[in-house]
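# Structural overview for review
Single-letter residue listing:
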Amino acid sequence: MRMAVIPAPDEADEGSDLLLWVLVWGELAAFGILLIGYLIMSMLHPESFALAKLHLTPRLAGFNTVVLLASSWQAALAANSQDKPGRQRLFLLLAAALGFLFVALKFVEYSSEWTAAGSENLQTFFELYFLITGFHLAHVAFVAALFVLAAIRLERSTIVILTTVWHVIDIVWLVMFPLIYLS
């Protein structure tokens, strides 16, 4: 009779760590490709990109940056509160709520930019803008929803993975914000 071999905790963690880092680097590569495309097109069409940026609202995007970073802070507090389930749930729900606030504010921002997007000479900028920021927005909404689910069923490894991915989403935004809104 052959006995099943159960991996030691460290060995099991190595597999999940590998998957986490594959996910992280995959996300960074995808956003990196989009941002490089944006940079190339901004060099090819500097006048139309400069004109299009006049229709953006950098103050609202700046406030949204603070919201996203505050959410990330709450996620980090949740990951560090493993011995206090009540606090961990609260921090996860706060991270989710701030993530959803980011989404709502982004839609407010989109509503003011949508009309300018129809202009033919601004079309290239806004196609890339909505693609990049929309892809980021989808990540924020998805992980915020996962924070709610994680708050329902607390599991340390899930919270660590979600918090790590959330920080990657922050890093991407911290690159996108100055590149798109302030340059």
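See the structure shown above.
A few points on the structure. Quick caveat: nothing in here was measured; it's all calculated off a predicted structure.

What follows is about the overall build of the chain. Scanning the chain for helices and strands turns up 6 helices and 0 strands. When the helices and strands of the chain are placed in sequence order, the string is α-α-α-α-α-α. Over its C-alpha atoms, taken along the principal directions, the chain stretches across nearly 70 × 35 × 20 Å. For the chain, buried positions account for 39% of its 183 residues. Pairs at least 24 apart in sequence give 80% of the contacts found in the chain among residues at least 6 apart. Approximately 10400 Å² of the chain is accessible, and the part contributed by carbon and sulfur atoms is 71%.

For the rest of this paragraph, the subject is helix α3 (residues 58-79). Given a rise of 1.5 Å per residue, 22 residues ought to cover 32 Å, and the 31 Å separating the end C-alpha atoms of α3 matches this to within 8%. Among the residues of α3, Ala61, Asn64, Thr65, Val67, Leu68, Ser71, Ser72, Gln74, Ala75, Ala78 and Ala79 are the ones counted as buried. Those residues of α3 hidden inside the fold are in contact with α4 (85-117), α5 (123-152) and α6 (156-182).

One pass over the full model with this rule turns up 19 aromatic pairs. Ring geometry for Tyr110 against Phe130: centres 5.0 Å apart, planes inclined by 70°, an arrangement best described as edge-to-face. Here Phe130 lies in helix α5 and Tyr110 lies in helix α4, a separation of 20 residues in the sequence. Of the two residues, Tyr110 and Phe130, neither departs from the other in class, the shared state being buried. Plain terms: the ring middles of Tyr129 and Phe130 are 5.2 Å apart, the flat faces sit at 65° to each other, and that makes the pair edge-to-face. Summarising the burial analysis for this pair, Tyr129 and Phe130 share the class buried.

At a minimum axis distance of 13 Å, the contact between α4 and α6 shows a crossing angle of 30°. Regarding the angle of α4 to α6, the classification is roughly parallel. With respect to the hand of their crossing, α4 and α6 are arranged in left-handed fashion. The residues of α6 that touch α4, namely those facing Gln88, Leu92, Ala95, Gly99, Phe102, Lys106 and Glu109, are Ile159, Trp166, Trp173 and Tyr181. Here the residues of the contact of α4 with α6 sort into 7 nonpolar, 2 polar and 2 charged.

What counts and how
For every chain, the first residue of the written sequence is number 1, and numbering continues from 1 along that sequence. Confidence filtering applies because this is a predicted model: local features only for residues at pLDDT of at least 70, side-chain atom pairs given and counted only at 80 or more, and all residues used for totals across whole chains, interfaces and linings. Side-chain descriptors were evaluated using all non-hydrogen atoms of the structure, hydrogens and water having been removed beforehand. Numbering of helices and strands runs from the N terminus, with a helix taken as a DSSP run of H or I at least four residues long and a strand as a DSSP run of E at least two residues long. Burial classification: accessible surface area is computed with a 1.4 Å probe over protein chains only, and a residue below 20% of its type maximum counts as buried, one above 50% as exposed, and the rest as partly exposed. Contact definition: two residues touch when any of their heavy atoms are within 4.5 Å. For the area figures, the Shrake-Rupley method with a 1.4 Å probe applies, and any residue is considered shielded solely by the protein chains shown. One fewer than the residue count of a helix, multiplied by 1.5 Å, yields its expected span. The aromatic pairing rule takes the rings of Phe, Tyr and Trp, using the six-membered ring of Trp, and pairs them if the centres are within 6.5 Å, calling planes under 30 degrees apart stacked, those over 60 edge-to-face and the rest tilted. Think of each axis as a best-fit line through the C-alpha atoms, taken over the contacting stretch in the case of a helix, with angles from 0 to 180 degrees between the N-to-C directions. Roughly parallel refers to an angle under 35 degrees, roughly antiparallel to one over 145, roughly perpendicular to one between 65 and 115, and oblique to any angle outside these ranges. Crossings are assigned a handedness: left-handed for a near helix turned anticlockwise from the far helix by less than a right angle, right-handed for a clockwise turn. Charged means Asp, Glu, Lys or Arg here, nonpolar means Ala, Val, Leu, Ile, Met, Phe, Trp, Tyr, Cys or Pro, and polar covers whatever is left, Gly included.

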